[in-house]
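Read off the chains here:
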Amino acid sequence: MLVFSRQNLVLLSVPKTGSTAYEAALAPHAAMVISAPPDLKHAPVFRYNRFFRPMIERFIGADPDVVAVMREPIDWLGSWYRYRRRDALAGRPNSTIGQSFDEFVAAYCRGDPPPFARVGSQAKFLEPQRNGTRVTHLFRYEDQDGLRGFLERRLGVSIDPPSCNRSPPSALELSARIEGRLRRKYADDFTLYDGIGPDGHYEAPAPPPPPNS
């Protein structure tokens, strides 16, 4: 997560969307760089709202713009699958070595996914909160020109993100049956991604209902 005080801007770090590269490019211009531990670096909207927003609004400015990136859901899962196939994870519960992409996605769709397929949901990460806290500008991962252009205009700097944490290439074959199951179970992810327009505009989903509503 990066916080830019003069511009009253926050850049959230959605996992597997190139956030490390933007951190490397923009850290010198940020007032705050949250790079560790992972649960803070990759704080979703609900955690940002609870722990970071009150501090930012008190000391930097009210109603900061919140920027995030979302990846096409199947491509996003493919990035996780490839990342967890690296040799360093061999023999660990979260390794996908020995699993096909079809098996990985099928496991991801279970009610209680095994450790290697437990990667969360982008829609849940980006879910607006009941107090109105939400991502104000959401970009598709594939729209790097749009994202860079927006950030360059807001920050007044040129951006050339380096290549970081690239997963090794591998075949990603997904059967129609498993893809259909994925699209049904994680329909919110596909709907959110499909609703992203140019320059960060998107159709924000409704916040979650109050408990016991």
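One can find the structure itself at the top, above this paragraph.
All figures in this text were calculated on a predicted structure; none of them were measured in a lab.

Brief notes about the overall build of the protein
- In terms of regular secondary structure, the protein is built from 9 helices and 5 strands.
- Along its sequence from the N terminus, the protein presents helices and strands in the succession β-β-α-β-α-α-β-α-α-α-β-α-α-α.
- Computed over the C-alpha atoms, the radius of gyration of the protein is 18 Å, within 12% of the 17 Å expected from 2.2 N^0.38 for a compact globule of 213 residues.
- A principal-axis box enclosing the C-alpha atoms of the protein has dimensions of 50 × 45 × 30 Å.
- Within the protein, the fraction of its 213 residues that count as buried is 47%.

A word on helix α1 (residues 19-26)
- Looking at α1, one finds that the buried residues are Ser19, Ala21, Tyr22, Glu23 and Leu26.
- Where α1 is buried, its residues meet β1 (2-4), β2 (9-11), β3 (32-33), α2 (38-41) and α7 (144-155).

What to know about the packing of aromatic side chains
- Taken as a whole and assessed by the stated rule, the structure comprises 8 aromatic pairs.
- Taking 5.6 Å as the distance between ring centres and 45° as the angle between the ring planes, the aromatic pair formed by tyrosine 81 and phenylalanine 104 counts as tilted. With a gap of 23 residues between them, tyrosine 81 in helix α4 (residues 73-83) and phenylalanine 104 in helix α5 (residues 101-108) connect regions that are remote in the sequence. Of the two residues examined, tyrosine 81 and phenylalanine 104, each falls in the buried class.

Some details on unusual backbone geometry
- Between alanine 36 and the following residue, proline 37, the backbone shows a cis peptide bond with an omega angle of -10°.
- The backbone of asparagine 8 shows a phi angle near 50°, a positive value even though the residue is not glycine.
- Within the secondary structure, asparagine 8 is located in the loop between β1 and β2.
- A positive phi angle is found at aspartate 63, which is not glycine, with a value near 50°.

Observations concerning the pattern of salt bridges
- Summed over the entire model, instances satisfying the criterion amount to 8 salt bridges.
- Taking the shortest distance from any N to any O, the salt bridge between arginine 153 and aspartate 199 comes out at 2.8 Å. Residue arginine 153 is located in helix α7, and its partner aspartate 199 is located in the segment after α9 (187-194); the two are separated by 46 residues in the primary sequence.
- Among the residues examined, aspartate 199 registers a relative accessible area of 35% and is labelled partly exposed.

Focus on the packing of α4 against α5
- As a packed pair, α4 and α5 sit with axes 11 Å apart at the nearest point and diverge in direction by 110°. When the axis of α4 is compared with that of α5, the two are roughly perpendicular. Residues Ile74, Trp76, Leu77, Gly78, Trp80 and Tyr81 of α4 touch α5, and the partners they reach there are Phe101, Phe104, Val105 and Tyr108.
- When grouped by side-chain class, the residues that make up the contact of α4 with α5 number 9 nonpolar, 1 polar and no charged.

Reading guide: rules and limits
- Residues numbered from 1 in each chain as written.
- Predicted model: local features only at pLDDT ≥ 70, side-chain atom pairs only at ≥ 80, totals over all residues.
- Heavy atoms only, no water.
- Helix = DSSP H or I, 4+ residues; strand = E, 2+ residues; numbered from the N terminus.
- Rg over C-alpha atoms; globule rule 2.2 N^0.38 Å.
- Buried < 20%, exposed > 50% of the residue type's maximum accessible area, 1.4 Å probe, protein only.
- Contact = heavy atoms within 4.5 Å.
- Phe/Tyr/Trp six-rings, centres within 6.5 Å; stacked < 30°, edge-to-face > 60°.
- Salt bridge = Lys/Arg side-chain N within 4 Å of Asp/Glu carboxyl O.
- Axes fitted to C-alpha atoms, helices over the stretch in contact; angles between N-to-C directions.
- Parallel < 35°, antiparallel > 145°, perpendicular 65-115°, else oblique.
- Nonpolar A, V, L, I, M, F, W, Y, C, P; charged D, E, K, R; others polar.

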